[in-house]
Amino acid sequence: MDSVSRKCQHCGTWNTGDSSHCITCQQLIDPIAIRQQEDEVRRIQRENNPPGWLDKVINRLKASRNPFVQVFVMMLRAAWFVYWVILSFIIWLVAATPG
Ligand SMILES: [Zn+2]
């Protein structure tokens, strides 16, 4: 009886047997192990890059179906836009003012 063959996604080598690593390039070929490795990478990225509290609040508000909340989110975006326009204007003013 043949043992399971797995094709390495990295170098294309067909690996037979129970090894979870490629015989040629030593990369993971076991799909479950690859999945676990990807989950682990994502988890580490999440921990290193936690969403800011503002992102969390906005995401929660966006998910809401309350029309008042949706209007509030729109106003928040508008305020954010105005804030950047004013900031750009001040920077331009400072840069344009001699001395
Ligand atoms: Zn390989």
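For clarity, every value in this text was computed on a predicted model and none was experimentally measured. (Residues numbered from 1 in each chain as written. Predicted model: local features only at pLDDT ≥ 70, side-chain atom pairs only at ≥ 80, totals over all residues.)

J.: Help me understand the overall build of the chain, please; the structure alone is not making it clear to me.
T.: For the chain, the count of helices and strands is three helices and two strands. What you see in the chain, going N to C, is helices and strands ordered as β-β-α-α-α. In terms of overall size, the chain is more extended than a compact globule, its C-alpha atoms giving a radius of gyration of 26 Å where 99 residues would be expected to give roughly 13 Å. Burial analysis of the chain (99 residues in total) assigns 3% to the buried set. Here the analysis covers contacts within the chain between residues at least 6 apart in sequence; of these, 0% occur between residues at least 24 apart. (Helix = DSSP H or I, 4+ residues; strand = E, 2+ residues; numbered from the N terminus. Rg over C-alpha atoms; globule rule 2.2 N^0.38 Å. Buried ≥ 20, exposed ≤ 12 C-beta atoms within 10 Å, placed from the backbone. Contact = placed C-beta atoms within 7 Å.)

J.: Where do I start with the environment of Asp 30 in this structure?
T.: As for its placement among the helices and strands, Asp 30 is situated in the loop between strand E2 (14-16) and helix H1 (31-48). What makes Asp 30 partly exposed here is the crowd of 17 C-beta atoms within 10 Å. Each C-alpha atom of the pair Asp 30 and Arg 65 lies 43 Å from the other, and the pair is 35 residues apart in sequence.

J.: What is the right way to read the confidence of the model for the chain from this model?
T.: Predicted coordinates in regions of low pLDDT should not be interpreted in detail. Summing up the model confidence of the chain, the mean pLDDT is 86 and the portion of residues at 70 or higher is 96%. The weakest mean pLDDT in the chain belongs to helix H2 (residues 53-63) at 80; the strongest belongs to helix H3 (residues 67-96) at 91. (pLDDT = per-residue confidence, 0-100.)

J.: Explain the domain arrangement of the chain here, please?
T.: For interface size, the figure often reported is the accessible area lost on association. Along its sequence, the chain is carved into domain 1 (5-48) and domain 2 (53-96). Computed over C-alpha atoms, the centres of domain 1 and domain 2 are 43 Å apart. (Domains from an automatic or database assignment.)

J.: For this particular structure, what's the right way to read the environment of Asp 55?
T.: Within the secondary structure, Asp 55 sits in helix H2. Along the sequence, Asp 55 and Ser 19 sit 36 residues apart, while their C-alpha atoms lie 43 Å from each other.

J.: Looking at this structure, how should I read the packing of H2 against H3?
T.: Angle between the axes and distance between the axes: these two values describe a pair of packed helices. Following both chains from N to C, one finds H2 and H3 inclined at 135°, their axes separated by 8 Å at the closest point. Taken together, the axis directions place H2 and H3 in an arrangement best described as oblique. The two elements H2 and H3 cross, and the hand of that crossing is left-handed. Contact residues: Ile 58, Leu 61 and Lys 62 in H2; Val 69, Phe 72 and Val 73 in H3. (Axes fitted to C-alpha atoms, helices over the stretch in contact; angles between N-to-C directions. Parallel < 35°, antiparallel > 145°, perpendicular 65-115°, else oblique. Left-handed = near helix turned anticlockwise from the far one by under 90°.)

J.: I tried to follow unusual backbone geometry on my own but got confused; where do I start?
T.: Peptide bonds are trans in most cases, and residues, glycine excluded, mostly fall at negative phi. One non-glycine residue, Gln 26, adopts positive backbone phi at about 70°. Here Gln 26 shows up in the loop between E2 and H1. Given 12 C-beta atoms within 10 Å, Gln 26 falls into the exposed group.

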